[in-house]
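Overview (structure and organization)
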Amino acid sequence: MRVPLPQRQRGAAAAVVEIDVDQGSTFGIIADILIPGRGEPVVNGALVVKDSTIDWVGSKDDIPDTYSSLRFSRVPVLMPGMWDVHTHFSGTDIVSQGPGDSYKMFLPGTATLIGAVTVDDLRATLMAGFTSVRELGGYAGDVAPAVDKGVIVGPHVYSSMSVLSITGGHGDQHDVPLQTVLGFSASGSEIALCDGVDECIKTVRQVIRRGAKVIKICSTGGVLSLNDQPEDSQFSPAELKAVVDEAARSGRVVAAHAIGKNGIMAALDAGVRSIEHGVYLDEEVAAAMKEKNVTLVPTRHIIEGLATNGGDMPPVMRVKFDRVLQISRDSYKLAIKLGVKIALGTDTYSSDRKHPISHGTNAKELYWACEAGMTPIQAIEMATANGPETLGSQARKSGQLKVGFDADLIAISHNPLDDIEVLTKPKNITHVWKGGKLYKSL
Ligand SMILES: [Zn+2]
């Protein structure tokens with residue numbers, strides 16, 4: 001199969017033709033603007049893909065003679081495929097209607113239905129320009145082997161499988177009998193309740209056994225849970241440390257859902273790699289994060305999405321949400337101002353394409369980042385190069401246009417450095433390559 005790309009101009013060093021997508025081949029792309037993910041954009045840039053990785057990248061004028069017989073295509077803008085490092089593939093709004101309807105997740109057959117729905121959610125995510133996702137609780141991790149085999153079209157999936165939570169904590173389901181939740185937890189689900197150091201260690205081993213590439217814990221309560229408060233600290237310091245240490249023994253890092261300040265600081269003390277949400281971030285938290293090189297994953301997309309579309313939120317959650325909304329906006333701006341490292345994470349969870357937080361809308365996070373003070377180039381680094389750093393050694397070399405990195409690339413019809421919202425419309429993402437293979441061509 002051959003897929004045409006724009007042929008507006010001829011490169012100096014090589015003929016500009018259409019791309020041969022029968023992979024295993026070597027091909028080149030010339031871009032009016034090449035955005036490397038980290039570092040300065042290159043006007044009239046060029047890149048060569050060999051098999052699944054980037055073989056060469058630089059200025060069009062410097063294309064080595066070795067590639068003189070190579071076929072080059074031309075696109076307006078080329079950048080790395082994006083990363084969303086906080087997603088949940090749980091079929092929400094199709095399988096269940098979210099909070100208040102959560103009993104459905106425990107019914108026989110539901111996991112199969114979620115898996116089926118997740119197939120299209122993964123496709124929508126890839127078509128939106130996201131070539132990698134970190135899933136912090138959900139079912140994409142169970143589906144990932146089929147993605148890896150090429151049976152299902154989707155991004156690279158790095159899943160935590162389950163969410164580690166204390167009994168009664170943010171990851172528990174407070175309106176379902178505990179024995180039901182414990183049975184669900186033990187059967188391999190997105191919930192993993194554990195209490196005490198020994199159970200925490202065993203649960204880390206169990207989720208890694210299931211395929212977890214990262215460990216997710218809740219070191220505070222949450223907004224979208226019934227009977228706890230986002231300011232509550234959850235897990236003792238000894239439990240948090242046990243989780244981080246056990247994960248590290250298998251080369252995994254830990255992502256902490258952390259909203260209240262005490263729980264953020266406890267997670268940082270224990271050695272987590274990323275702080276998810278980080279609502280009560282202040283100067284002290286920012287300094288500790290910078291010192292420990294911990295990444296903030298602010299999930300503005302869900303917060304701003306619920307701010308405008310949270311009408312069906314149960315009142316108990318609404319009260320909590322209203323309390324943290326402005327605090328989260330202010331602390332996000334502070335984090336940007338103080339130079340805390342930030343990776344794009346949205347908390348995207350909805351399988352209803354009409355929902356504002358549907359899978360495929362992930363790039364909205366870049367818009368919110370620029371609203372809060374980032375430049376477009378900073379927002380793109382957040383969405384690309386910073387993503388893999390939330391996974392430690394488990395991440396593939398991806399997120400940058402660099403030699404030896406995976407050829408995870410997107411071509412864009414307009415320049416996102418002029419208008420970041422270009423990235424929020426999947427129709428502007430004209431081409432998506434994952435591992436050198438072309439998955440989308442408009
Ligand atoms: Zn989440």
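Fair warning: this is a prediction, and the values are worked out from it, not measured in the lab. Along every chain, residues carry numbers that run from 1 in the direction the sequence is written. Whole-chain, interface and lining totals are the exception, using all residues; otherwise, since this is a predicted model, local features are given only for residues with pLDDT of at least 70 and side-chain atom pairs are given and counted only at 80 or more. Computation of side-chain values covers all heavy atoms of the structure but excludes hydrogens and water.

Under the scheme used here, helices are H or I runs from DSSP no shorter than 4 residues and strands are E runs no shorter than 2 residues, and both carry numbers assigned from the N terminus. Counting secondary structure elements, the protein chain contains 11 helices and 19 strands. Taken over C-alpha atoms, the radius of gyration is set against a globule rule of 2.2 Å times the number of residues to the power 0.38. For the protein chain, whose C-alpha radius of gyration is 22 Å, the value lies close to the compact-globule estimate of 22 Å for 442 residues. The principal-axis extent of the C-alpha atoms belonging to the protein chain is close to 65 × 45 × 45 Å. Put simply, the protein chain has 442 residues, and 59% of those count as buried. Only heavy atoms enter the contact rule, under which two residues are in contact if any of them lie within 4.5 Å. Across the protein chain, the fraction of contacts at a sequence separation of at least 24, relative to all contacts at a separation of at least 6, is 68%. Taking the average location of the 44 positive side-chain charges in the protein chain and that of its 51 negative ones, the two points are 4 Å from each other. Type-normalised accessible area, obtained with a 1.4 Å probe on protein chains alone, sets the label of each residue: buried when under 20%, exposed when over 50%, and partly exposed for intermediate values. Note on charges: Lys and Arg go in the positive column, Asp and Glu in the negative column, and His and the chain ends are not counted at all. Where a charge sits is defined by one atom per residue type, namely NZ (Lys), CZ (Arg), CG (Asp) or CD (Glu).

Now for the side chain of R74. Within the element layout of this structure, R74 appears in strand 6 (residues 72-80). For this analysis, a polar contact is any N or O atom pair within 3.5 Å, provided that within protein one partner can donate a hydrogen and the other can accept it, and provided that sequence-adjacent residues contribute only side-chain to side-chain pairs. A distance of 2.8 Å separates the side chain of R74 from the side chain of D32, its partner in a polar contact. There is a polar contact of 2.6 Å between the side chain of R74 and the side chain of N44.

Attention now moves to the coordination of the zinc ion. Note on the zinc ion: its protein donors are H86 (NE2), H88 (NE2) and D347 (OD). The metal-donor distances range over 2.1 to 2.2 Å. Note on H88: relative accessible area 16%, which makes it buried. A relative accessible area of 9% places D347 in the buried class. Each metal's donors comprise the N, O and S atoms found within 2.8 Å of it (within 3.2 Å for Na, K or Ca). Water is not part of the atom list, so some coordination spheres may appear incomplete.

Below, the discussion takes up the layout of surface pockets. A pocket, in this scheme, is an open set of points on a 1 Å grid over the protein atoms alone with protein on both sides within 12 Å along at least 5 of 7 lines, while a cavity is a set where a 1.4 Å probe fits but cannot get out; residues line either one if an atom lies within 4 Å of a point. Grid points are joined across faces, edges and corners, and a volume is the space filled by probe spheres set on the points. As a volume, the largest pocket reaches approximately 320 Å³. As for the largest pocket, its lining consists of 17 residues, and the residues nearest its centre are S185, A186, A192, T203 and Q206. Looking at the lining of the largest pocket, the elements with two or more residues in it are helix 3 (178-186), strand 11 (191-193) and helix 4 (197-210). Per element, the largest residue contribution to the lining of the largest pocket is 7 residues, and it comes from helix 4. Only Asp, Glu, Lys and Arg are considered charged in this grouping, and only Ala, Val, Leu, Ile, Met, Phe, Trp, Tyr, Cys and Pro are considered nonpolar; every other residue, Gly among them, is considered polar. Looking at the lining of the largest pocket residue by residue, the classes come out as 6 nonpolar, 7 polar and 4 charged.

Another point: the packing of helix 8 (residues 300-309) against helix 10 (residues 364-371). Between helix 8 and helix 10, the shortest axis-to-axis distance is 8 Å and the interhelical angle comes to 85°. Between helix 8 and helix 10, the interaxial angle falls into the category roughly perpendicular. Side by side, helix 8 and helix 10 meet where R300, H301 and E304 of the first sit next to K364, E365 and W368 of the second. In this description, a line fitted to the C-alpha atoms serves as the axis of each element, helices being fitted only across the stretch in contact, and the angle between N-to-C directions of two axes falls anywhere from 0 to 180 degrees. Oblique is the label for any angle not under 35 degrees, not over 145, and not in the 65 to 115 range, which are roughly parallel, roughly antiparallel and roughly perpendicular in turn.

This part is about the sheet that holds strand 8 (residues 130-135). Taking strand neighbours across the sheet as the criterion, the 4 strands line up as 9-8-7-16 in an open arrangement whose pairing is parallel. With one partner strand each, in any of the chains shown, strand 9 (156-159) and strand 16 (348-350) form the two edges of the open sheet. Averaged over all adjacent pairs, the angle separating strand axes in this sheet is 35°, with direction ignored. By this definition, two strands are paired if DSSP reports at least two bridges between them. Alignment of strand 7 (residues 82-92) against strand 16, held across 2 bridges, turns out to be parallel. Residue pairing across strands places T87 opposite T348, the latter belonging to strand 16.

Moving on to helix 6 (residues 261-270). For helix 6, every residue scored as buried is listed here: G263, I264, M265, A267, L268 and A270. On the buried face of helix 6, the contacting elements are helix 5 (237-249), strand 13 (254-258), strand 14 (274-277) and helix 7 (283-292). Of the residues flanking the end of helix 6, it is G271, one or two places downstream, whose phi is positive at about 100°.

Further remarks concern the confidence of the model for the protein chain. Summary of the metric used: pLDDT quantifies the predictor's per-residue confidence within the range 0 to 100. Chain-level pLDDT for the protein chain is 92 on average; 93% of the residues reach the 70-or-more range. Segment residues 1-18: pLDDT under 50, and 54 contacts once partners within four positions in sequence are set aside and those in other chains are kept.

Most of strand 13 sits out of view: 5 of its 5 residues are buried. On strand 13, burial covers both faces: V254, A256 and A258 on one face and A255 and H257 on the other are all buried. Both strand 12 (residues 215-218) and strand 13 contribute to a ladder of 4 bridges, which runs parallel. Paired with K216 across the bridge in strand 13 is A255. The β-α-β motif built from strand 12, the intervening helix 5 and the parallel element strand 13 has right-handed crossover chirality. Relative to strand 14, strand 13 is paired through 4 bridges, and the arrangement is parallel. Note that in strand 14 the partner of H257 across the bridge is E276. Remark: the strand 13/helix 6/strand 14 crossover connection has right-handed handedness. We call a crossover right-handed when, viewed with the strands running away from us, the connection from the first strand over the helix to the second turns clockwise.

Spatially, 11-10-12-13-14-15 is the arrangement adopted by the 6 strands of the open sheet, whose pairing is parallel. The strands lining the two open edges of the sheet, one partner per strand, are strand 11 and strand 15 (295-297). The sheet shows a mean angle of 30° between the axes of neighbouring strands, direction not considered. In this structure, strand 14 lies alongside strand 15, joined through 3 bridges in parallel fashion. Paired with E276 across the two strands is V297, which belongs to strand 15.

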